[in-house]
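# Observations on chain architecture
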Amino acid sequence: MTGQKSEGDRKHPVDETLPPLKMFTSGLQHVAAMYAGVVAPPMIVGPACGLNATETAFLMGASLFTAGIATLLQTLGFWKVGAKLPFVNGVSFAGVTPMVAIGKAQSPDNALPIIFGAVIVAGVLGFLVAPYFSKLVRFFPPVVTGTVITLIGVSLLPVAFNWSQGGNDRAPDYGSLTNIGMAALTFLIVLVLRRVLRGFLQQIAILLGLIAGTLIAIPVGITNFSALSEASLVGFPTPFHFGAPQFDIAAIVSMCIVMLVCMTESTADMLALGRIVGRPADERTIEGGLRADTLGTALSPLFNGFANSAFAQNIGLVAMTKVRSRFVVATGGLILIVLGLCPVAASVISLVPLPVLGGAGIVLFGSVAASGIQTLASAAMEKGDNALIVAAAVGIGLIPIAAPDFYHHLPKDLLVVLDSGISTGCLVAIVLNLAFNHFGRKTADGGAADEDTADGTAAAAHGDPETPPQPAPGTTDEAGAPAAAPAH
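What you see is a predicted model; the values in this text were computed from it and never measured.

Our next topic: the overall build of the chain. Each helix and strand counted, the chain has 21 helices and 2 strands in total. Considering the chain as a whole, with its 488 residues, one finds that 53% of them fall into the buried category. Considering only intrachain contacts with a sequence separation of at least 6, the fraction spanning at least 24 residues in the chain is 82%.

We now examine the pattern of salt bridges. By the definition in use, this model includes 4 salt bridges. Arg279 is the salt-bridge partner of Asp15, the closest N and O atoms lying 2.6 Å from each other. Of the two residues, Asp15 is situated in the loop between helix 1 (2–9) and helix 2 (20–48) and Arg279 in the loop between helix 11 (249–277) and helix 12 (283–299); the sequence distance between them amounts to 264 residues. On the basis of relative accessible area, Arg279 is assigned to the buried category, the value being 16%. Here the salt bridges share partners, and the residues they tie into one network are Asp15, Arg279 and Arg326.

Time to look at the packing of helix 11 against helix 12. One way to put it is that helix 11 packs onto helix 12 with a least axis distance of 10 Å and a crossing angle of 140°. Judged by the angle between their axes, helix 11 and helix 12 are oblique. Crossing hand, helix 11 versus helix 12: right-handed. The segment helix 11 lies against helix 12, with Met259, Met263, Ser266, Thr267, Met270 and Leu271 engaging Thr285, Ile286, Gly289, Leu290, Asp293, Thr294 and Thr297. Of the residues contributing to the contact of helix 11 with helix 12, the split by class is 6 nonpolar, 6 polar and 1 charged.

Further remarks concern the environment of Phe139. Within the secondary structure layout, Phe139 lies in the loop between helix 5 (108–133) and helix 6 (142–165). Along the primary structure Phe139 and Val431 are separated by 292 residues, whereas in three dimensions their C-alpha atoms are 9.0 Å apart.

Moving on, we come to helix 14 (residues 326–341). With 16 residues, helix 14 should cover 22 Å at 1.5 Å per step; its first-to-last C-alpha distance of 23 Å lies within 8% of that length. Extensive coverage of helix 14 is indicated by the burial of 12 of its 16 residues. Every buried residue of helix 14 is listed here: Arg326, Val328, Val329, Ala330, Thr331, Gly332, Gly333, Ile335, Leu336, Ile337, Leu339 and Gly340. The opening residue of helix 14 is Ser325, an N-cap whose side-chain oxygen sits 3.1 Å from the backbone nitrogen of Phe327.

Let us look at the packing of aromatic side chains. A complete count under the given rule lists 4 aromatic pairs for this structure. On the numbers, 5.2 Å between centres and 65° between planes, the contact of Phe65 with Phe303 is edge-to-face. Within this pair, whereas Phe65 is found in helix 3 (residues 53–75), its partner Phe303 is found in the loop between helix 12 and strand 2 (308–310), the two being separated by 238 residues in sequence. Phe303 carries the same exposure label as Phe65, and that label is buried. When the centroid spacing of 5.1 Å and the interplanar angle of 85° are considered together, the rings of Phe406 and Tyr407 count as edge-to-face. Given the relative accessible area of 53%, Phe406 is considered exposed. The ring of Phe127 has Arg291 lying over it, and the distance from NZ or CZ to the ring centre is 5.7 Å.

The rules behind the values
- Residues numbered from 1 in each chain as written.
- Predicted model: local features only at pLDDT ≥ 70, side-chain atom pairs only at ≥ 80, totals over all residues.
- Heavy atoms only, no water.
- Helix = DSSP H or I, 4+ residues; strand = E, 2+ residues; numbered from the N terminus.
- Buried < 20%, exposed > 50% of the residue type's maximum accessible area, 1.4 Å probe, protein only.
- Contact = heavy atoms within 4.5 Å.
- Salt bridge = Lys/Arg side-chain N within 4 Å of Asp/Glu carboxyl O.
- Axes fitted to C-alpha atoms, helices over the stretch in contact; angles between N-to-C directions.
- Parallel < 35°, antiparallel > 145°, perpendicular 65-115°, else oblique.
- Left-handed = near helix turned anticlockwise from the far one by under 90°.
- Nonpolar A, V, L, I, M, F, W, Y, C, P; charged D, E, K, R; others polar.
- Expected span 1.5 Å × (residues − 1).
- Polar contact = N/O pair within 3.5 Å; in protein donor to acceptor, adjacent residues only side chain to side chain.
- Phe/Tyr/Trp six-rings, centres within 6.5 Å; stacked < 30°, edge-to-face > 60°.
- Lys NZ or Arg CZ within 6 Å of the ring centre and 35° of its normal.

That is the geometry; function is a separate question.
Now the structure itself:
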């Protein structure tokens, strides 16, 4: 009885707190992994809206600040807001293309106010539909989630390759031996540290690798200190710094589509993260996570930020380090807020050269793909239908990566979805799973299959962690979910 009570009182690793030093360094590692992804969209959107270098830097600081707020909403949460998983939020790349289009179509004085107005409406709409959108979790069994997780990792790898070459394909040193050499060296350093270190030091091997790579990059000459010298000590993202929001119908429609894309990707990411940390994301968890996404998005324009969604690269960090505490990621959110309020501190993080970040990113993003493959291993792939679902979804999802101009003759509004391999692959996997494993199936006596039972089994695979599903006779997957469920 004592043993059972002790087991029941034990905290799940997601809810554990670590010693302060471990909490800070692990949180800082998450910030280092996501920093480039947070500041990249404002670096692209700012110039497209006619901003100069100083105003673009202000936009970058605002993005860091709002990413921190959104991350705290996700990890700590309140009421029915927040997935309460080690889930990092930041500026979504899905909105970059439509925001650039809006910026080019409007005058510099109106571009950002129109973008911010559209983001606010999209965030409010997403918040309202989150309870209904979350019910789609029943259509995300392992054959779908494994496919999507694999696509997330594979889709992120080109980002790491671009960073490894220098990040700017117009720069004269893009793809130079120096850049690729630094990426390769950082890659090797991370692998060696993961192999030789133990305990906590092994868990922060990525951070140590980034520090070592940056120090080596200083004498090599690819570390840029100009941002540090020009940054001010304190800077607050003044509310509506670029003007009061304006509401344009076309812009609102574009950003609402972006919001739906972000919600689809976040749903897949939450399912992936839930399996990695051993707390499968059920409908209630996804509803809270989507509410945090959309609330963070609706609040971001107040502080000059954009739409927020999940950052998949940090899922790879969780998978690799095995640090599952949501409070570690919450610490990272606090660090992001400080960086947004202190440009000098943000500039210190920006000292990490992109080739160094790219070398570490290969390990991080490859870990995500490996997690997807591991999930597919429990997805009853011996069934020909499931193998076909994975083949078709991965094939369609890889189009934007392998052939970036494949859809260039299609309407620009469609590109918001089609240019995201994660979104298209996810939609294909869901539709084919419904077609092959739900609708029109026949039982042995020729009657229609019970879809409610099939859906319930799939949903149970992602059910409440307090009442884990009972395994099928003789088979279980690593998370304790029934191995029979992946057939759906």
